[in-house]
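Here are the chains, one letter per residue:
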Amino acid sequence: MQPELTLMPDLMPALPELFLAVGALVLLMIGAFGGERATPAVTGMSAALIALAALILLFMPAEGATFGGAFVQDAFARYLKILTLIGSGLAIAMSVAYGRAEKFERFEYPVLIVLGTLGMMLIISANDLIAAYLGLELMSLSLYVVASINRDSVRSTEAGLKYFVLGALSSGMLLYGMSLVYGFTGQTDFAAIAQTLAQHGGSLGLTFGLVFVLAGMVFKISAVPFHMWTPDVYEGAPTPVTAYFAAAPKIAAMAMITRIVITAFEPVAMEWQQVVVFVSIASMVLGAFAAIGQKNIKRLMAYSSIGHMGYALVGLVAGSQAGVRGVIIYMSIYLAMTLGTFACILAMRRKEGMVEDISDLSGLSRTNPMMAFLLAMLMFSLAGIPPLAGFFGKFYVFLAAVEAGFYVLAVIGVLTSVVSAFYYLRIVKVMYFDEPAAGFVPMPSELKIVLGLAGVFVIFFVAIAGPLVGAAGTAAKTFF
Amino acid sequence: MYTAIVLLPLLGFLVAGIFGRVIGAKASEYITSGFLIIAAILSWVAFISVGLGDGETQIIPIATWIVSGALDVQWAIRVDTLTAVMLVVVNTVSALVHVYSIGYMHHDPHKSRFFAYLSLFTFAMLTLVTSDNLVQMFFGWEGVGLASYLLIGFWYQRPSANAAAMKAFVVNRIGDFGFALGIFGVYYLFDSVNLATIFANAQGFVESGAEGGGAVLTFLGTPYEPATAMTVVCLLLFMGAMGKSAQFLLHTWLPDAMEGPTPVSALIHAATMVTAGVFMVARLSPLFELSHTALTFVTFIGATTAFFAATIGLVQTDIKRVIAYSTCSQLGYMFVALGVGAYGVGVFHLFTHAFFKALLFLGAGSVIHAVSDEQDMRKMGGLRKHIPLTYWMMIVGTLALTGFPLTAGYFSKDAIIEAAFVGDNAFAQYGFWMTVIAALMTSFYSWRLIFLTFHGKPRASVDVMKHVHESPPVMTVPLMVLALGALVAGFVFSGSFIGHHQGEFWKTALFMSADNHVLEEMHHVPQWVKWSPFVMMVIGLVVAWYFYIKAPDAPKRLAARHDGLYKFLLNKWYFDELYDFLFVRPAMKLGRFLWKRGDGTVIDGFGPDGISTLVQDVTARVVRLQTGYIYHYAFAMLIGVALLVTWTMFAGGGAH
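Residues numbered from 1 in each chain as written. Chains lettered and ligands numbered in written order. Predicted model: local features only at pLDDT ≥ 70, side-chain atom pairs only at ≥ 80, totals over all residues. Heavy atoms only, no water.

- An unreviewed UniProt entry annotates chain B as NADH-ubiquinone oxidoreductase chain 5 originating from Breoghania corrubedonensis.
- For the record of chain B, the UniProt heading Catalytic activity (unreviewed entry) holds the text "a ubiquinone + NADH + 5 H(+)(in) = a ubiquinol + NAD(+) + 4 H(+)(out)". (UniProt positions renumbered as here; feature names shortened; annotations may be inferred.)

- Looking at an unreviewed UniProt entry, one finds chain A named NADH-quinone oxidoreductase subunit N, with Breoghania corrubedonensis as its source organism.
- What UniProt states about chain A under its Catalytic activity (unreviewed entry) heading is, verbatim, "a quinone + NADH + 5 H(+)(in) = a quinol + NAD(+) + 4 H(+)(out)".
- Taken from UniProt, the Subunit (unreviewed entry) comment for chain A reads in full: "NDH-1 is composed of 14 different subunits. Subunits NuoA, H, J, K, L, M, N constitute the membrane sector of the complex."

What follows is the structure in structure tokens.
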């Protein structure tokens, strides 16, 4: 073996990421030289790029590590990366009709999404504090720009600015926490941190660092009390951006949190569990109560997603294989429900433009029965009513929590899901029992497909539960 | 055949009830009536083969119902003479009522429903009378209660009909509660609800107590020995009979049940429902015969009811109410007969009474039909010439009811009075005098009804009188059939039921202990006793004639002179008012309290309403946190981190 060749790391495990990175740069060139006219082509190619990345991911070897162990490819990473790619790809697809109608066709948008997705894939695979931070920043910077992509809209730019300022604050916290962790363990590699902690035990400084790291990360999944940006950004950003925000980044950030707490901080489980318990309860409660007062459906979905992150964290608290499996299942189901719901929200368009109020859905069952039915099913699923998918998501995380002895947490979860059922059911009531408002313009076909897939997924989840739960179990086994 | 008798009405009910809308009212009427007529004919065949022939007691199993531990309940048909008699009574009257209803309910828009209910009613009663165990009997018992509720409240648009239906149901629940306790008691004592098993063990059970057995039953905290335990059980069972047969204290529902359509009244009063109590006591004669105390109580209640209901009947002005109180009174007669141990006599009166009471009710229905749904006798009068056929039918019914010689009532009623005279329990003499006085009053109110309705000058408005018409044949033919029964049933069957052939007739259906000689002795009473009912009947007739034909203003003067008594009777001894004060109002008050304070304030206040208010409150606060100012958000994040750090430092320190 020649020594100079060993300096070059093995690039195979990071093949999809490299593919995306190169692709994004090429598309940027095409967009930059092609101008506005190239936008549809760039959009299409971005979606194709993401689909290809997913295919590569599916057919490459499942295991691998590179860059000195800072980047790992395993079953957990593969599963969550595919989820993320689905979220990003569909987000691009769902933006097409909106962009056309709202004069919002910028080639930067799909390219930024591809770059953000690249960041997400990096953090899912990150096995080192520095790698995690770099990935997170790549993702965040893309998201900041995407949030304010509609430069002519005051609300969009305000949303982007808020997100940027608060995101910078959280990044600061994260970095500060990481430096403390490094300072008290002398390591940045997750496995090495765990080893050091297991040998020497925790310390006050490490606890400080741990809390700051967690605070910086849960900001990305908008868990309470780091959620404040979410409603404003969801409402202010263009709706396709909101759909993107609600799906892919949440999955990636949740994957990163899971990997860090389960691998690096496993020896100090008591500490991080307390933080996560608090954040989880606070998110579930706030998600349940605050959404009741909302009139704007995007704002409502913001609170809804805060609540759902709280439920997913319930599984993480358990810290067991069943818990991680619960988180993975929950995120898969959350992705389907969120994309389906946003497909409906994107279809809320009248001749005079987009509408976003819940009251605009009045009597939808009579103007568009199919959409009303599927949206009702999604709402029932979000509320966690059996036999729809949402019920199983909650079931697996609560089951894991109960098995690990976190009874109070599970009970609070059930109670808040009862409270949150109120606003989901209210949407169903508005659609089915209120006097019909004016109908929406026909749904673009790509939205129809997304909505149809999501509807099939939540309604027939029982049928596909076996393979999905099995795959999630395999992914969860990575850490144990 | 027996299965067909029981199931045909059920089939009719199902067809008319489920497919009534599809097949239409006409078809429903004909199907249910047709089934009932077939069942009635089969019943007579059964009656002749079992009662008059030498048919043994048969048990025909239909299905297994409940098997749980020692409890084994079969659905089976028990056929003996008593059952056969009841089958005849129930099916004959029911068939005629069905046919009559085709005419009477002609204008009603819900005929299918009505006929379905009638058939259900009949089926429930048939289940009751054919039962071979107490649980099946209870099923029929409750089925009858349900059907009566549905039929009394048939015109559910009328608040009074709904109130009457509820009243009937609730009052019956009280009796049914006793009956249920009685059944539990029997099961507790005998480990079986099967009639054959119970009867076989009853005698030995009581005797075991005489040899010094300990307490076997504890009821209301008091332990009882076998003999007294039997009394307790019998009294509880009789409580059920009191409710269903509208005896004194639990009678209040019966007059109100007049709110139902008139054919329903006929069915309730003549064949189904009220006869259930009498049937039950006769059926359980092997148990009652073992408890002297229970029989004495039965006599007392029966005699009191006979007298009490008759006094009220004297002054009522609603034609149906007069007959209703008459039924109540006649049921009292039957219980007197049962109480003194003359079961055959009681059942015989049930049998004859079914004919003339159905006749009177259907006749009254015909009258009401004729005068445009008027029921107040003070607004009738002089109808004889307009509806002669109905008039003569009513005369036949009245003669039979008052016990005119050779009519049906003459045989059965006089037999009861004689049996009461020779009865040997403490209240037998009381029963005798009460029934004799009641006979006088029966005669008076019955003839008063005839005179007020058919004689004298018309008091109805000219408009109504113009429309008075005789009923169609579909209504008058059943009247004639019943009239025939009212005239000859006593004459033809008295020999079998209560005469010298009664032993061969009843066989083992009724049980009389060795020292019960009532049926023997009642044939050897003094002449004055034999004549007393007849004399009473004549006196009643004469007084009624004087009051309502000769001197029509006499009743008014009498009522004015004895104002207090008149009001007392007119208001039915103030029983409704008393119950209202004692039970209804306190119950309403308690209900209102629990509803307003208990449920409204406490449960809703702290439960749903409280929580939803709390949720709204919390929501409002949380939403207010979302100010939109970026420094608030950043502040929240920093506070959050500080809080988490503090929390983990102080509470978390598990690792160090």
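Having seen the model, we can carry on.
### Description of the overall build of chain B
Reasoning step 1: Per the secondary structure count, chain B includes 27 helices and four strands.
Reasoning step 2: Within chain B, the fraction of its 656 residues that count as buried is 57%.
Reasoning step 3: Sequence-distant contacts in chain B: of pairs separated by 6 or more residues, those separated by 24 or more amount to 80%.
Reasoning step 4: Accessible area of chain B: about 26,200 Å², with a carbon and sulfur share of 69%. (Helix = DSSP H or I, 4+ residues; strand = E, 2+ residues; numbered from the N terminus. Buried < 20%, exposed > 50% of the residue type's maximum accessible area, 1.4 Å probe, protein only. Contact = heavy atoms within 4.5 Å. Areas by Shrake-Rupley, 256 points an atom, 1.4 Å probe, with all protein chains shown as cover.)

### Things to note about the overall build of chain A
Reasoning step 1: Helices and strands together make up the secondary structure of chain A, namely 20 helices and four strands.
Reasoning step 2: By the burial criterion, 63% of the 480 residues in chain A qualify as buried.
Reasoning step 3: When the accessible surface of chain A is totalled, it reaches about 16,800 Å², and 70% of it is carbon and sulfur.

### Thoughts on the interface of chain B and chain A
Reasoning step 1: Listed per partner, the contact involves 28 residues of chain B and 35 residues of chain A.
Reasoning step 2: Buried area between chain B and chain A, both sides added, is near 2,800 Å², and the carbon and sulfur share of it is 80%.
Reasoning step 3: Applying the counting rule to chain B against chain A returns zero salt bridges.
Reasoning step 4: Linking chain B to chain A there are five residue pairs in polar contact (both at pLDDT 80 or more).
Reasoning step 5: At the level of secondary structure, the elements contributing two or more residues to the side of chain B that touches chain A comprise helix H26 (608-625) and helix H27 (630-651) of chain B.
Reasoning step 6: Considering each element in turn, the side of chain B that touches chain A owes the most residues, 15 residues, to H27 of chain B. (Buried area = accessible area lost by both parts, 1.4 Å probe. Salt bridge = Lys/Arg side-chain N within 4 Å of Asp/Glu carboxyl O. Polar contact = N/O pair within 3.5 Å; in protein donor to acceptor, adjacent residues only side chain to side chain.)

### Details of a negative patch on the surface
All names here are of chain B.
Reasoning step 1: Taken together, Asp424, Asp515, Glu520 and Glu521 make up a surface patch of like negative charges.
Reasoning step 2: Relative to the elements of secondary structure, Asp424 occurs in the loop between helix H16 (408-422) and helix H17 (428-454).
Reasoning step 3: For Asp424, a relative accessible area of 59% translates into the label exposed. (Patch = residues over 30% accessible without salt bridge, like charges linked within 9 Å, V, L, I, M, F, W, Y side chains within 5 Å. Lys, Arg positive; Asp, Glu negative; His and termini not counted. Charge placed at Lys NZ, Arg CZ, Asp CG, Glu CD.)

### Observations regarding the layout of surface pockets
All names here are of chain B.
Reasoning step 1: The calculated volume of the largest pocket comes to roughly 1,000 Å³.
Reasoning step 2: Along the walls of the largest pocket sit 29 residues, with Arg448, Phe547, Tyr548, Pro555 and Lys556 positioned nearest its centre.
Reasoning step 3: With six residues, H17 is the single largest residue contributor to the lining of the largest pocket. (1 Å grid on protein atoms, 1.4 Å probe; cavity = no way out; pocket = protein on both sides within 12 Å on 5 of 7 lines; lining within 4 Å. Points joined across faces, edges and corners; volume = space filled by probe spheres on them.)

### Regarding the side chain of Arg349 of chain A
Residue and element names in this part refer to chain A.
Reasoning step 1: Looking at where Arg349 falls in the secondary structure, it is placed in strand E3 (residues 349-350).
Reasoning step 2: Looking at Arg349, the relative accessible area reads 15%, which means it is buried.
Reasoning step 3: At 3.2 Å, the side chain of Arg349 forms a polar contact with the side chain of Glu102.
Reasoning step 4: For Arg349, the residues in contact, after removing those within four places along its chain, are Tyr98, Ala101, Glu102, Met354, Phe440 and Val441.

### Structural notes on the nonpolar core
Nonpolar side chains in soluble globular proteins generally cluster together in the buried interior.
Reasoning step 1: In this structure, Leu237, Trp253, Leu287, Phe288, Phe351 and Phe497 of chain B are the most contacted members of the largest nonpolar core, which totals 210 residues.
Reasoning step 2: Considering each element in turn, this core owes the most residues, 18 residues, to helix H14 (residues 343-370) of chain B.
Reasoning step 3: When near neighbours in sequence (up to four residues on either side) are disregarded, Phe497 of chain B contacts Phe47, Val85, Gly344, Phe348, Phe351, Gln502, Phe505 and Trp506 of chain B.
Reasoning step 4: Val42, Tyr311, Leu388 and Tyr423 of chain A belong to the second largest nonpolar core, which has 193 residues in total. (Core = buried A, V, L, I, M, F, W, Y, C linked by side-chain atoms within 4.5 Å.)

### Digging into the pairing of strand E1 (residues 58-68) of chain B
On any regular strand, side chains alternate: one points to one face of the sheet, the next to the other face.
Residue and element names in this part refer to chain B.
Reasoning step 1: Looking at chain direction, E1 and strand E2 (residues 71-79) are connected through nine bridges and run antiparallel. Within E2, the position partnered with Ile66 by the bridge is Val73.
Reasoning step 2: Here E1 folds back onto E2 in antiparallel fashion, the turn holding two residues, of which Gly69 has a positive phi close to 60°. (Pairing = 2+ DSSP bridges.)

### Some remarks on the packing of helix H15 (residues 388-402) of chain B against helix H19 (residues 473-497) of chain B
Residue and element names in this part refer to chain B.
Reasoning step 1: Axis separation between H15 and H19 bottoms out at 9 Å; the angle between their running directions is 25°. Regarding the angle of H15 to H19, the classification is roughly parallel. Between H15 and H19 lies a crossing of left-handed hand. The segment H15 lies against H19, with Leu389, Met393, Val396 and Ala400 engaging Thr476, Leu479, Met480, Ala483, Ala486 and Leu487. (Axes fitted to C-alpha atoms, helices over the stretch in contact; angles between N-to-C directions. Parallel < 35°, antiparallel > 145°, perpendicular 65-115°, else oblique. Left-handed = near helix turned anticlockwise from the far one by under 90°.)

### Brief notes about the packing of helix H7 (residues 226-244) of chain B against helix H10 (residues 274-283) of chain B
Residues and elements named next belong to chain B.
Reasoning step 1: Packing of H7 against H10 leaves a shortest axis separation of 7 Å and a crossing angle of 155°. Relative to H10, the element H7 is oriented roughly antiparallel. Crossing hand, H7 versus H10: left-handed. Across the interface between the two elements, Leu237, Phe238, Ala241 and Lys244 from H7 touch Val274, Ala276, Gly277, Met280 and Val281 from H10.
Reasoning step 2: Across the contact of H7 with H10, the residue classes tally to seven nonpolar, one polar and one charged. (Nonpolar A, V, L, I, M, F, W, Y, C, P; charged D, E, K, R; others polar.)

### Thoughts on the packing of aromatic side chains
Reasoning step 1: Scanning all chains against the criterion turns up 70 aromatic pairs over all chains.
Reasoning step 2: Seen in terms of ring centroids, Tyr163 of chain A and Phe245 of chain A are 5.4 Å apart; in terms of plane orientation they differ by 55°. Their pairing is tilted. Taken as a pair, Tyr163 of chain A in helix H7 (residues 154-185) and Phe245 of chain A in helix H11 (residues 239-264) lie far apart in primary sequence, 82 residues in all. Neither residue differs from the other here; Tyr163 of chain A and Phe245 of chain A are each classed as buried.
Reasoning step 3: Relative to Tyr430 of chain B, the ring of Phe300 of chain B has its centre 5.6 Å away and its plane inclined at 25°; by these criteria the two rings are stacked. (Phe/Tyr/Trp six-rings, centres within 6.5 Å; stacked < 30°, edge-to-face > 60°.)

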